[in-house]
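Each chain, written out:
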Amino acid sequence: VNMTLSSTQPQFTSSGKWSTPSTAPSSSMSSQFASSPKNVQETPIVTPSRKNQQHNSQTIANETNDSLLDVNPDEDIAILDQLLELQQRDQEYNNLQKRDEEELKQVEGELEQQEGLLLQLKNSLVVYHQIKE
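Just so it is clear, the model here is predicted, and its values are computed rather than measured.

1. Looking at the overall build of the protein chain
In step 1: Broken down by element type, the protein chain carries three helices and two strands.
In step 2: Of the regular secondary structure in the protein chain, the N- to C-terminal order runs β-β-α-α-α.
In step 3: Within the protein chain, the proportion of its 133 residues that are buried is 1%.

2. Re helix H3 (residues 73–132)
In step 1: End to end, H3 covers 87 Å across 60 residues, agreeing with the expected 88 Å (1.5 Å per residue, within 8%).
In step 2: For H3, the N-terminal cap is Asn-72; the gap from its side-chain oxygen to the backbone nitrogen of Asp-74 is 3.1 Å.

3. Remarks on the pattern of salt bridges
In step 1: Evaluation of the coordinates by the stated rule reveals one salt bridge.
In step 2: Put simply, Arg-89 and Glu-85 hold a salt bridge, and the shortest N to O gap is 2.6 Å. You can see Arg-89 and its partner Glu-85 sitting in helix H3, four residues apart, about one turn around the helix.
In step 3: Given a relative accessible area of 39%, Glu-85 falls into the partly exposed group.

4. A short note on a negative patch on the surface
In step 1: Taken together, the side chains of Asp-100, Glu-101, Glu-102 and Glu-103 present a region of like negative charge at the surface.
In step 2: Mapped onto the fold, Glu-103 is located in helix H3.

5. Some words on the confidence of the model for the protein chain
In step 1: Confidence in the prediction of the protein chain, expressed as mean pLDDT, is 75, and 52% of residues score 70 or more.
In step 2: Scored below 50 in pLDDT, residues 1–7 makes 11 contacts in the model with residues more than four places away or belonging to other chains.
In step 3: Considering only residues more than four positions removed or in separate chains, one finds that residues 24–36, a stretch of pLDDT under 50, has zero contacts.

6. Focus on a nonpolar patch on the surface
In step 1: Taken together, the side chains of Ile-79, Leu-80, Leu-83 and Leu-86 present a nonpolar region at the surface, about 410 Å² in accessible area.
In step 2: With respect to the element layout, Ile-79 can be found in helix H3.
In step 3: You can call Ile-79 partly exposed: its relative accessible area is 46%.

Conventions we followed
- Residues numbered from 1 in each chain as written.
- Predicted model: local features only at pLDDT ≥ 70, side-chain atom pairs only at ≥ 80, totals over all residues.
- Heavy atoms only, no water.
- Helix = DSSP H or I, 4+ residues; strand = E, 2+ residues; numbered from the N terminus.
- Buried < 20%, exposed > 50% of the residue type's maximum accessible area, 1.4 Å probe, protein only.
- Expected span 1.5 Å × (residues − 1).
- Polar contact = N/O pair within 3.5 Å; in protein donor to acceptor, adjacent residues only side chain to side chain.
- Salt bridge = Lys/Arg side-chain N within 4 Å of Asp/Glu carboxyl O.
- Patch = residues over 30% accessible without salt bridge, like charges linked within 9 Å, V, L, I, M, F, W, Y side chains within 5 Å.
- Areas by Shrake-Rupley, 256 points an atom, 1.4 Å probe, with all protein chains shown as cover.
- Lys, Arg positive; Asp, Glu negative; His and termini not counted.
- Charge placed at Lys NZ, Arg CZ, Asp CG, Glu CD.
- pLDDT = per-residue confidence, 0-100.
- Contact = heavy atoms within 4.5 Å.

This is the structure:
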């Protein structure tokens, strides 16, 4: 037995349990929200006045001057020395690497020559053994 009393009151179902219907917003409420105007406020664009621009320029100039006064030439020279030393080490490494590559090519060439000589010796020995038999 399913008794329907009202859409907002609990109902007794055929399984013998009470169920509470969900309370969805009525169409009158949803139409009320749909018809309401959007409350969006536009933020006006504010441009700084001429006086503020001059003040900002002066502040930037002062900060630049202060940062120039904070420069320590000894630290700058130390940094430049380190950079120069790193560059010299890098150049030395590159030179050593090129020299090593050239030496490796030379050794590989010598090995190929020796391999060729060994192959000639092997062929000569094969011919010698054939003649000997």
